[in-house]
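Letter by letter, the chains look like this.
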Amino acid sequence: MTTTPVVRALGDLAHDSAHTATECACAPPQVLADRPDGTVVRSGPVVAKAHAPDSETPALAARLSLAASPRLAGILLPPLPAPDGPPGSAEGRTVSLWPYGAPVDPSDPDAAPWEEAAVLLARLHRTPPPHPLPPMRGPVKAARAVARMCAARPADPVTEPVLAAWHGLPGWARAENPVPEHRDGFLCHGDLHLGQLVRHPARQGPWLLIDIDDAGLGDPAWDLARPAAWYAAGLLPPEIWLRFLDTYRASGGPAVRAEGDPWPELDVAARALTVQTAAVALAKSVAEDRSPDEVEQLMIDACVRIASLPPELVSERTS
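Because the structure is predicted, anything quoted here is derived from the model rather than measured. (Residues numbered from 1 in each chain as written. Predicted model: local features only at pLDDT ≥ 70, side-chain atom pairs only at ≥ 80, totals over all residues. Heavy atoms only, no water.)

1. Some words on the nonpolar core
Inclusion rule: In this text, buried Ala, Val, Leu, Ile, Met, Phe, Trp, Tyr and Cys residues form a nonpolar core when linked through side-chain atoms within 4.5 Å. Burial classification: accessible surface area is computed with a 1.4 Å probe over protein chains only, and a residue below 20% of its type maximum counts as buried, one above 50% as exposed, and the rest as partly exposed. Only DSSP runs of H or I with at least four residues qualify as helices, and only runs of E with at least two residues qualify as strands; both kinds are numbered from the N terminus onward. Here, two residues are considered to be in contact whenever any of their heavy atoms come within 4.5 Å of each other.
Counting residues in hydrophobic clusters, the biggest one holds 47 residues, and the most contacted among them are Leu76, Leu197, Leu209, Ile212, Leu224, Phe244 and Tyr248. Elements that contribute at least two residues to this core include exactly α2 (57–68), α3 (114–126), β8 (197–199), β9 (207–209), α6 (221–233), α7 (238–250) and α8 (263–287). At seven residues, α3 tops the list of elements feeding residues into this core. Aside from chain neighbours lying at most four places away, what touches Leu209 is Ile75, Leu76, Leu77, Leu120, Leu121, Leu124, His189, Leu192, Gln196 and Leu197.

2. A closer look at empty space enclosed by the protein
To keep it simple, the criterion reads: Cavities and pockets were defined on a 1 Å grid built from protein atoms only: a cavity is a group of points that admits a 1.4 Å probe but offers it no way out, a pocket is an open group of points flanked by protein on both sides within 12 Å along at least five of seven lines, and a lining residue is one with an atom within 4 Å of any such point. Grid points are joined across faces, edges and corners, and a volume is the space filled by probe spheres set on the points. Residue polarity follows a fixed list, in which Ala, Val, Leu, Ile, Met, Phe, Trp, Tyr, Cys and Pro are nonpolar, Asp, Glu, Lys and Arg are charged, and the others, Gly among them, are polar.
Evaluated as defined, the whole model comprises one cavity of 30 Å³ or more. Approximately 50 Å³ is the volume found for the largest cavity. Lining the largest cavity are Gly138, Lys141, Gly190, Asp191, Leu192, Trp222, Asp223, Arg226, Leu273 and Gln276. Put simply, the parts of the chain that give the lining of the largest cavity at least two residues each are α4 (138–152), α6 and α8. With three residues, α6 is the largest single contributor of residues to the lining of the largest cavity. Tallied by class, the residues present in the lining of the largest cavity amount to three nonpolar, three polar and four charged.

3. Some points on the pattern of salt bridges
Selection rule: Here, a salt bridge means any Lys or Arg side-chain nitrogen found within 4 Å of an Asp or Glu carboxyl oxygen.
Evaluated as defined, the whole model comprises 16 salt bridges. Between Asp191 and Lys141 there is a salt bridge; the shortest N-O distance is 3.2 Å. In this pair, Asp191 sits in the loop between β7 (186–188) and β8 while Lys141 sits in helix α4, placing the two residues 50 residues apart along the sequence. Among the charged side chains, a network of salt bridges with common partners joins Arg137, Lys141, Asp191, Asp214 and Arg226.

Take a look at the structure:
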């Protein structure tokens, strides 16, 4: 296990929260994730998460309260109480505690819970906000990905189509302007992908959404944008995309019209997620001194196609 001070502090916190015995035969804490935007450590049934160093405490507290709200029961995994009252801290970073849930098995793609994810999203988007919340952070994450790419590859020609696709987006999708008023009042997850679902209780329980760091009010189309972008780029088979979309619609999801072409609502967010994914790929590949892999290249190629759209078509779709 990585033994940074944050990891050690999280391991101790998760272990102490799991039980009070001073001596035990517990397995060592397990690092589930250790990234700049969050470090996650598990000890038995408890998971401790250190949130990003730049997390705004009031906004994070509102998001944690959202996950704990009875209105979101059965949709979001609720946090555990922190020993010293919410939120806790470790090495100067805000910490939250969660029950462990079994994640999606990446080795069994046929069992991926696309329909369950669609139902959860529809329920989330239909739920009235239980209290004031900050904006959903999806556009902010996209803007940070583009900035990361530019820092990693300054003046590199390979970034030109990604930047062209980025600049073709409206200001709200680049985190420069507020979301249009008719689309900004919905509860959104903000960073939906299959890694954000777990079964709780582990293995036999229902699927629930996790990771509320980007949750808030905004355009619900953003939560459908990553699978939409994968479908458009050829990464997600049409039959899976249609099952996901049809289930979302059948569950009353408000992000797209009930029938007909969903792309007038999805286009901007799907293009933004395509750019975000390509930008992260280009930043990671140069940091790891390698070429983009096949999947990453598909998203970069998708940006080339987006950048080649006629200006009048882009204008039509962003209005």
